[in-house]
Amino acid sequence: MNTGIVTPDSTRRRLHPVVIGSSLLLALSGLARLAQVAAEAAVQDAYLKAHERVGTPSGFAALPMVFLMAVGLVVALSALAFLTLALANLGGWNWTRIVTWILGAVTLVFAGFWLVLNLLPSDDGVSALDGTDWDSVHALAGRLMPGWAEPVGAVSGYVASPALLVALVLLALPPANAFYRRQRISPYEPLILYPGATLPHPSGRP
């Protein structure tokens, strides 16, 4: 016999499609970022091997390589954070939504800055002064590079930021506000109640 306390439909905390969609897009963005890091690592490894075979000045690209490794680590950690938040946001805690907004905004600003940086023309004159045969390096790197690296890097780059932006917008819509701001009416009430579920007895007895 069911002795639980049935709650009205209006008081149940149900997963709204907007919240589910936001979490799915957030997870998609995180997975795309991880794919982007993997592709970039493969590309950099190919260029490093190409430079070693062609021959470069001593200490070639030590600082840039360390910088790219640090960037890759930060991006990978943020991607894992988004995957975690995609699950946590389904629990209805408002603080996870706030953390998602903050981390998402910082990530989008950083991604925009990185895009502008990549669009800036490179200084071929300075590169030529170091004596590196860049034509040979590019040709050899193209042969050493895995076939999946460039397509995966391009597709993930186009997916990650738009998916994150849409996820953040969905979290600000009225249905999401209602989902995260609703207060529990009982300390025994679960964070999420699905259709047909009932609250346990206030005494904690079944």
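Because the structure is a prediction, the values reported are computed rather than measured.

Peer 1: A description of helix α3 (residues 94–119) should follow, citing residues and the corresponding values.
Peer 2: Along its 26 residues, α3 runs 38 Å from first to last C-alpha, staying within 8% of the 38 Å computed at 1.5 Å per residue. Of the residues making up α3, those classed as buried are Thr96, Arg97, Thr100, Gly104, Thr107 and Ala111.

Peer 1: Explain a nonpolar patch on the surface to me, using residue names and the numbers behind them.
Peer 2: A contiguous nonpolar patch, built from Phe113, Val116, Leu117 and Leu120 and spanning about 390 Å² of accessible area, is present on the exposed surface. Checked against the element boundaries, Leu120 lands in the loop between α3 and α4 (124–129).

Peer 1: Can you explain the packing of aromatic side chains? Please cite residues and give values.
Peer 2: A full pass over the atoms with the stated rule returns 2 aromatic pairs. Aromatic side chains Phe110 and Trp114 sit 6.2 Å apart centroid to centroid with 20° between the ring planes, which places their arrangement in the stacked category. Here the residue Phe110 and the residue Trp114 both occupy positions in helix α3, the gap between them amounting to 4 residues, near one helical turn. Phe110 sits in the partly exposed class, given a relative accessible area of 36%. According to the relative accessible area criterion, Trp114 is partly exposed, its value standing at 24%. Ring plane angle 85° and centroid distance 5.1 Å describe the contact between Phe179 and Tyr180, whose orientation is recorded as edge-to-face. Pair check on accessibility: Phe179 and Tyr180 agree, each one buried.

Peer 1: I'd like to hear about the environment of Val75, residue by residue, with values.
Peer 2: As for its position among the elements, Val75 is in helix α2 (residues 62–88). Residues Val75 and Gly30, 45 residues apart in the sequence, show an inter-C-alpha distance of 9.2 Å. Other than its neighbours up to four places away in sequence, Val75 contacts Arg33, Val37 and Phe110.

Conventions used here
Residues numbered from 1 in each chain as written. Predicted model: local features only at pLDDT ≥ 70, side-chain atom pairs only at ≥ 80, totals over all residues. Heavy atoms only, no water. Helix = DSSP H or I, 4+ residues; strand = E, 2+ residues; numbered from the N terminus. Expected span 1.5 Å × (residues − 1). Buried < 20%, exposed > 50% of the residue type's maximum accessible area, 1.4 Å probe, protein only. Patch = residues over 30% accessible without salt bridge, like charges linked within 9 Å, V, L, I, M, F, W, Y side chains within 5 Å. Areas by Shrake-Rupley, 256 points an atom, 1.4 Å probe, with all protein chains shown as cover. Salt bridge = Lys/Arg side-chain N within 4 Å of Asp/Glu carboxyl O. Phe/Tyr/Trp six-rings, centres within 6.5 Å; stacked < 30°, edge-to-face > 60°. Contact = heavy atoms within 4.5 Å.

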